[in-house]
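Close look at the chain arrangement
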Amino acid sequence: MSNNTWKKVVASLSRLGLYDVPHANQVASESVHGTCLAAEWKGCSVCLEENRLCKCGGGGGGGGVGVVDHEGGHHLKSDSSFAHSVINMVGMLIGLGQLSTPYALETGGWCTSFILIALGATCAYTAHLLGRCLDRSSKSSKTYQDIGDQAFGPKGRLIASTFIYLEIFLALVGYTISLSDNLSVVFSGARLTSPHWLRLSTPQLLTLMAVVVALPSLWLRDLSSISFLSFGGILMSMLIFATVCFTAVFGGVKADKYIPAVRLRNVPGISGLYIFSYTGHIVFPNIYTAMKDPSKFTKVSITSFTLVTALYTALAFIGAKLFGPTVNSQITLSMPRHLVTTKIALWATVLTPMTKYALEFAPFAIQLEHSLPHSMSARARTVIRGTIGSLFLLVILCLALTVPYFGDVLSLTGSLISVSICLVFPCAFYLKICWAEVSRPAVALNAVIIGVGIVFTVVGTVSSAAALVRSVQRGHSI
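Residues numbered from 1 in each chain as written. Predicted model: local features only at pLDDT ≥ 70, side-chain atom pairs only at ≥ 80, totals over all residues. Heavy atoms only, no water.

Heads up, the condition is: UniProt positions are given in the numbering used here, feature names are shortened, and annotations may be inferred rather than shown by experiment.
The name given to the protein chain in an unreviewed UniProt entry is Amino acid transporter transmembrane domain-containing protein, with the source organism recorded as Acorus calamus. Checking UniProt for the protein chain, the heading Subcellular location (unreviewed entry) contains the comment "Membrane".

Right, dumping it as structure tokens:
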């Protein structure tokens, strides 16, 4: 399908309200482990189809309220329905973390499913808190960083931005490790020889080739030309879940493996895996801002986290019961190799990272372009953006090939970064911004969440870092 044909199809879907296209000069917010969920910038249908900046004032079609972007760019159309917002939030939350929930449950014991459920409920509550912060200043605050700035000034913005970019970076490392692991299974019979100076194994060469294929997407300045990748990411995630369920029902594998009640020594590490699965708060302000009726944001959060928590819990028990102690940190690597559904799951897991690189890099790229001189030509900006993006991806590739331990990396990311973004920061922002109207029970509840989050961060980071070091040592001793 040609690029022009694709744009016409997307424009038609957008007019029907079935798909949203990131506009060319949109300030994007990407999810860190699954979905491009940018703020829903909409122009009129003609501008969308012609892929140019909309200057039509009210936009075409739809009766949403126009809001001017704080960067002075496009008008934001706040016309997402309740169902549309739920689909966006669910699609954003389901991502890389779902691969590891069966491993986390089997490693920690079935009692840790209560931790998974409790974290889902708590993250829904902290999403509600972000909505409350936006209620107080919806005109000046449109992003997670804006809320940090509103609460604690420039330092709050800096800390929020630092954690967001760290999480994106580490999530991309996790995606690349997943890409490498699953590629080596898909092409298990392949034998490739690298130049002597490279000294790369066949799986490493395959990963390098896949990353090189994805590199050109980092040179694109027009985000609308890659907007379909976000939908592809959602589709791949749902496909993986469906194939695991199919294996349980029709795959000839008995779901009769024993799951221990609890393994206390493993709880800190697997808690990081659980919290990583719920990371998505950095784009919730965009969902709030895009809603036709923001007063329903809390209901959207509760509905979305209920659905996602149910999916994660079901997947965790299915995978753990199917494969028991042999379950891999990526469920796709444990599925029977001879099944067609396994091949579908493996390819879906391979394609998912390749749909993420450009989308996840977008926040870095946009921030970079804003820092460049306005007098610089578009071609020079593209060259700088593409060059830095390519170097950035090669650094991620080198790190992923050096530390190819998927479960440990995700656990460390969850404990070190995600706990703060999902639990600690929203509570701190809320208490600072809305202090005058917060009741004593609410203060106590938020203080408890902050305290528990800090404990999770310290204990989980130490545990997951130690596990990662042990994995690296074992790898070097082989």
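So, the environment of Ile147
Formally: Elements are defined by DSSP. Helices are runs of H or I of four residues or more, strands are runs of E of two residues or more, and each kind is numbered from the N terminus. Any pair of residues with heavy atoms lying within 4.5 Å of one another is described as a contacting pair.
In this structure, Ile147 sits in helix H6 (residues 144–186). Apart from the residues within four sequence positions on either side, Ile147 is in contact with Leu130, Cys133, Leu134, Ser141, Pro285, Phe429 and Ile433.

What about the nonpolar core?
Convention followed: Nonpolar core, defined: a set of buried Ala, Val, Leu, Ile, Met, Phe, Trp, Tyr and Cys residues in which side-chain atoms within 4.5 Å join the residues together. Type-normalised accessible area, obtained with a 1.4 Å probe on protein chains alone, sets the label of each residue: buried when under 20%, exposed when over 50%, and partly exposed for intermediate values.
The biggest cluster of nonpolar side chains holds 110 residues, and the ones touching the most others in it are Tyr144, Phe284 and Phe305. For this core, the element with the highest residue contribution is helix H14 (residues 406–433), accounting for 17 residues. Excluding its chain neighbours within four sequence positions, the residues that come into contact with Phe305 are Met89, Leu93, Gly120, Cys123, Ala124, Ala127, Tyr278, His281 and Phe284.

Let's talk about a nonpolar patch on the surface
Going by this rule: Candidate patch residues must exceed 30% relative accessible area and have no salt bridge, after which like charges are joined if within 9 Å and Val, Leu, Ile, Met, Phe, Trp or Tyr side chains if within 5 Å. In this description, accessible areas are obtained by the Shrake-Rupley approach with a 1.4 Å probe, and a residue is regarded as covered only by the protein chains that are shown. What makes a salt bridge here is a side-chain nitrogen of Lys or Arg within 4 Å of a carboxyl oxygen of Asp or Glu, nothing more.
Where nonpolar side chains cluster on the molecular surface, the patch consists of Ile454, Val455, Val458, Val459 and Val462 and spans about 430 Å² of accessible area. In this fold, Val459 is placed in helix H15 (residues 440–477). Residue Val459 is classed as partly exposed on the basis of its relative accessible area, which comes to 41%.

A few points about the environment of Ser141
Along the polypeptide, Ser141 turns up in the loop between helix H5 (113–136) and H6. Overall, the relative accessible area of 2% leaves Ser141 in the buried class. If we ignore the near neighbours within four places in the chain, the residues touching Ser141 are Leu134, Asp146, Ile147 and Gln150.

A look at the packing of aromatic side chains
To describe a pair of aromatic rings, one takes the distance between the centres and the angle between the planes. Selection rule: The rule is short: rings of Phe, Tyr and Trp, with Trp giving its six-membered ring, pair when the centres are within 6.5 Å, and they are stacked under 30 degrees, edge-to-face over 60, tilted in between.
Evaluated as defined, the whole model comprises eleven aromatic pairs. Centroid distance Phe284 to Phe305: 6.0 Å. Interplanar angle 90 degrees. Geometry classified as edge-to-face. Residue Phe284 is found in helix H10 (residues 284–290), and its partner Phe305 is found in helix H11 (residues 297–323); the two are separated by 21 residues along the sequence. Comparing Phe284 with Phe305 shows no difference in burial state: the two are buried. Connected via pairs of aromatic rings, a cluster forms that spans Tyr144, Phe152, Phe163, Phe425 and Phe429.

Examining the state of the cysteines
Note the cut-off: Disulfide: a pair of cysteine sulfur atoms within 2.5 Å of each other.
Counting across every chain of the model gives zero disulfides. Summary of cysteine pairing: Cys427 is not part of a disulfide, and the nearest cysteine sulfur, belonging to Cys133, is at 9.6 Å.

Let's talk about the packing of H5 against H15
Worth spelling out the cut-off: What counts as an axis is a line fitted to C-alpha atoms, over the stretch in contact for a helix, and the angles between N-to-C directions run from 0 to 180 degrees. Working definition: roughly parallel below 35 degrees, roughly antiparallel above 145 degrees, roughly perpendicular at 65 to 115 degrees, and oblique for all remaining angles. Crossing chirality is assigned from the near helix's rotation relative to the far helix, an anticlockwise turn below a right angle marking it left-handed and a clockwise turn marking it right-handed.
In the contact formed by H5 and H15, the axes pass within 12 Å of each other and the chain directions differ by 125 degrees. Overall, the two elements H5 and H15 adopt an arrangement that is oblique. For the pair H5 and H15, the sense of crossing is left-handed. Each of Leu119, Thr122, Tyr125 and Leu129 in H5 lies in contact with H15, whose residues at this interface are Leu445, Asn446, Ile449 and Phe456.

Digging into the pattern of salt bridges
What the rule picks out here adds up to six salt bridges. The shortest N-O distance in the salt bridge between Asp256 and Lys257 comes to 3.5 Å. With a relative accessible area of 28%, Lys257 lands in the partly exposed category. Residues participating in the shared-partner salt-bridge network are Arg132, Arg136 and Glu437.

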